[in-house]
Amino acid sequence: MTTLERPTHALSVDDVVAVAAEHADAVDRDARFPAESVAAMRAAGLLSASIPASLGGGGYSLTDLARVARALGGACASTAMIFAMHHTQVMSLSRHGLSSPALADLLRRIVSEQLLVASATTEINIGGDVRTSGCAVEYDGDRYRLTKNAPVISYGEYADVVLVTARRSVDSAPSDQVLVAALREDLTLEKTGTWDTMGFRGTCSPGFMLHATGSAEHVVPAPYADISAQSMLPSAHVLWGGAWTGIADAAVRKARTSVQKAARKTPGVTPPAAARLAELMVVHQQLHDTVHTAATTFDAHADDARFLGSIGFALSINSVKVTASNLLIDIVARALLICGIAGYREDSELRMSRHLRDSHGSAIMVSNERILAHNAQLTLVHKGVPGGGL
């Protein structure tokens, strides 16, 4: 599947994919955390894959990470999304926190202990705008404290570190934000909601009242505005897209199997559904190209803060998320039609229910409507054309 495996680890990427596939139905049915898959990722060293090799990590590019997310998504969408969200946070730390010895040490600890990192970027009464915070960091000497009412913290109960956005200080404007790396030992999480959703059920993303107090050295020195534009948003949209491409792969495989079965029943006669399959492959290629192009563009400009912070790039990377999620929904729906009743039945090996439910989560869990509204504002001030750079 991939040549990215590091031979020093007990498991390979293929091994992790196999574990994820084995438990995917139970994770979905019970809306439970994919503990087996995450344990396998730890054994394979995948939780430190994005950390620079100089710190002991895998040194994977965003393209490499998207390839792994895709492989996992074809087996268990919840596992793939956890992998994607984890590395979105880890990349934010590794790309913006290395000037802090304490954060560099934390990254080394993620490597040695394979710590799982989650995020708390949304907040009650903010309306889903992650670039605005109501809560604030308060300082007492070399210690910080903060309280945040977060409507969603994906896999928060199982994370070893939670990256939390907050106002820089109690006197700061809502948009003047910092990112705080709150260690599990510095955290108290009071659950305020449940997680019983149609799709991505194993991400276990209820709301929490978060209380954190710890070393002020764990406040990332870079402004969150830069972290978001240059690392968090692009990596999230690409890695989610990689995971969603994996879901599409699984649906396409089932559609192909259905058509092949029909062809074997009537040798020499092309089944009517073969034309639908050919059309499906065109849309599937569009999804792959959308995600792959975004990943390689980011990798090519990974150290160019001006490019990554430009309006043109923001429009482009936001469009990747909207395009990929819409294409995924289309692909799974087309695959279901090809499989017909076999895809509709829960007792069939071609069943599409999990893929169908997960696919719609791609457009809803981070709302396409909100992203398009943001793009609409950017479009009013952007003088370029789509894909035209700065």
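This text follows the structure it describes.
The structure reproduced in this document is the subject of the present report.

All right, on to the overall build of the protein then. Scanning the protein for helices and strands turns up twelve helices and seven strands. Rg of the C-alpha trace for the protein: 21 Å, near the compact-globule value of 21 Å for 390 residues, within the 12% margin. Seen along its three principal axes, the alpha-carbon backbone of the protein occupies a region of about 80 × 50 × 40 Å. Counted over contacts in the protein with a minimum sequence separation of 6, partners at least 24 positions apart contribute 76%. Here the protein displays about 16300 Å² of accessible surface, and carbon together with sulfur accounts for 54% of that area. Across the protein, the centroid of the 34 positively charged side chains sits 6 Å from that of the 38 negatively charged ones.

Applying the stated criterion across every chain, the model contains three aromatic pairs. Where Trp240 meets Trp244, the ring centres are 6.2 Å apart and the plane angle is 25 degrees; that geometry is what we call stacked. Residue Trp240 and its partner Trp244 are located together in helix 6 (residues 224–265), separated by four residues, close to a single helical turn. You'll find Trp240 and Trp244 in the same group, each marked buried.

So, on to the sheet that holds strand 7 (residues 208–215). Sheet strands pair via backbone hydrogen bonds, and the direction of the pair is either parallel or antiparallel. Taken together, four strands build an open sheet; the order of strands is 2-3-7-6 and the sheet is antiparallel. At either margin of the open sheet sits one strand with a lone partner, and together these are strand 2 (138–140) and strand 6 (187–191). The sheet shows a mean angle of 15 degrees between the axes of neighbouring strands, direction not considered. Direction of pairing for strand 6 relative to strand 7: antiparallel, over a ladder of five bridges. When the bridges of strand 7 are listed, Leu189 appears paired with Leu210.

Turning next to the packing of helix 3 (residues 62–73) against helix 6. Taken N-terminus to C-terminus, the directions of helix 3 and helix 6 make an angle of 35 degrees; their axes are 6 Å apart at the nearest point. Crossing of helix 3 against helix 6: the hand is right-handed. Contacts from Leu62, Leu65, Ala66, Ala69, Arg70 and Gly73 of helix 3 reach helix 6 at Pro234, Ser235, Val238, Leu239, Gly242, Ala243, Thr245, Gly246, Ile247 and Asp249. For the contact of helix 3 with helix 6, the class distribution of residues is nine nonpolar, five polar and two charged.

Turning our eyes to something else, we now look at the environment of Thr88. With respect to the helices and strands, Thr88 occurs in helix 4 (residues 77–96). Distance in space between the C-alpha atoms of Thr88 and Ala166 is 18 Å, their sequence separation being 78 residues. Those residues within four positions of Thr88 in sequence are excluded, and the remaining contacts are Met232, Ser235, Ala236 and Leu239. Polar side-chain contacts of Thr88 include one of 2.9 Å to the backbone oxygen of Ala84.

On to the sheet that holds strand 5 (residues 177–183). If you trace the three strands from one edge of the open sheet to the other, you get 1-4-5, paired in mixed fashion. Single-partner strands in this sheet number two, and they are strand 1 (117–120) and strand 5. Geometrically, the sheet is characterised by an average inter-axis angle of 25 degrees between neighbouring strands, direction not taken into account. Taken together, the four bridges between strand 1 and strand 4 (residues 161–167) define a ladder with parallel strand orientation. When the sheet's bridge partners are listed, Ser119 is paired in strand 4 with Leu163.

Quick look at the packing of helix 6 against helix 7 (residues 273–300) now. Contact geometry of helix 6 with helix 7 gives a least axis separation of 9 Å together with a crossing angle of 160 degrees. In terms of axis orientation, helix 6 runs roughly antiparallel to helix 7. Of the two possible hands of crossing, helix 6 and helix 7 adopt the one that is left-handed. Considered class by class, the residues forming the contact of helix 6 with helix 7 number 17 nonpolar, five polar and two charged.

Right, let's talk about the nonpolar core for a bit. Ranked by internal contacts, the top residues of the largest apolar core, which has 92 residues, are Leu46, Leu146, Val162, Leu210 and Trp244. Excluding residues within four positions of it along the chain, Leu146 makes contact with Ala136, Val137, Val164, Ala166, Val180, Leu210, His211 and Ala212. With 21 residues, the next largest nonpolar core counts Val90, Leu179, Ala181 and Tyr224 among its residues.

Here we take up a nonpolar patch on the surface. A surface patch of nonpolar side chains, amounting to about 300 Å² of accessible area, comprises Ile311, Leu380 and Val381. Along the chain, the position of Leu380 falls in helix 12 (residues 368–381).

Attention shifts here to unusual backbone geometry. The backbone of Phe200 sits at a positive phi, close to 45 degrees, despite the residue not being glycine. Mapping Phe200 onto the fold places it in the loop between strand 6 and strand 7. Relative accessible area serves as the criterion here: at 0%, Phe200 is assigned to the buried category. We note that Cys204 has phi near 50 degrees; this positive angle belongs to a residue other than glycine.

Summed over the entire model, instances satisfying the criterion amount to zero disulfides. Lacking any disulfide linkage, Cys204 is separated from the closest cysteine sulfur, that of Cys76, by 10 Å.

Along its 29 residues, helix 9 (residues 311–339) runs 42 Å from first to last C-alpha, staying within 8% of the 42 Å computed at 1.5 Å per residue. Once helix 9 finishes, Gly340 follows within two positions and takes phi at roughly 65 degrees, a positive value.

Another point: the pairing of strand 4. When you tally the buried positions in strand 4, you get seven out of seven residues, the bulk of the element. By the bridge criterion, seven bridges tie strand 4 to strand 5 in an arrangement that is antiparallel. Across the sheet, Thr165 pairs through a bridge with Leu179, a residue of strand 5.

Cut-offs used in this document
- Residues numbered from 1 in each chain as written.
- Predicted model: local features only at pLDDT ≥ 70, side-chain atom pairs only at ≥ 80, totals over all residues.
- Heavy atoms only, no water.
- Helix = DSSP H or I, 4+ residues; strand = E, 2+ residues; numbered from the N terminus.
- Rg over C-alpha atoms; globule rule 2.2 N^0.38 Å.
- Contact = heavy atoms within 4.5 Å.
- Areas by Shrake-Rupley, 256 points an atom, 1.4 Å probe, with all protein chains shown as cover.
- Lys, Arg positive; Asp, Glu negative; His and termini not counted.
- Charge placed at Lys NZ, Arg CZ, Asp CG, Glu CD.
- Phe/Tyr/Trp six-rings, centres within 6.5 Å; stacked < 30°, edge-to-face > 60°.
- Buried < 20%, exposed > 50% of the residue type's maximum accessible area, 1.4 Å probe, protein only.
- Pairing = 2+ DSSP bridges.
- Axes fitted to C-alpha atoms, helices over the stretch in contact; angles between N-to-C directions.
- Left-handed = near helix turned anticlockwise from the far one by under 90°.
- Nonpolar A, V, L, I, M, F, W, Y, C, P; charged D, E, K, R; others polar.
- Polar contact = N/O pair within 3.5 Å; in protein donor to acceptor, adjacent residues only side chain to side chain.
- Parallel < 35°, antiparallel > 145°, perpendicular 65-115°, else oblique.
- Core = buried A, V, L, I, M, F, W, Y, C linked by side-chain atoms within 4.5 Å.
- Patch = residues over 30% accessible without salt bridge, like charges linked within 9 Å, V, L, I, M, F, W, Y side chains within 5 Å.
- Salt bridge = Lys/Arg side-chain N within 4 Å of Asp/Glu carboxyl O.
- Disulfide = S-S within 2.5 Å.
- Expected span 1.5 Å × (residues − 1).

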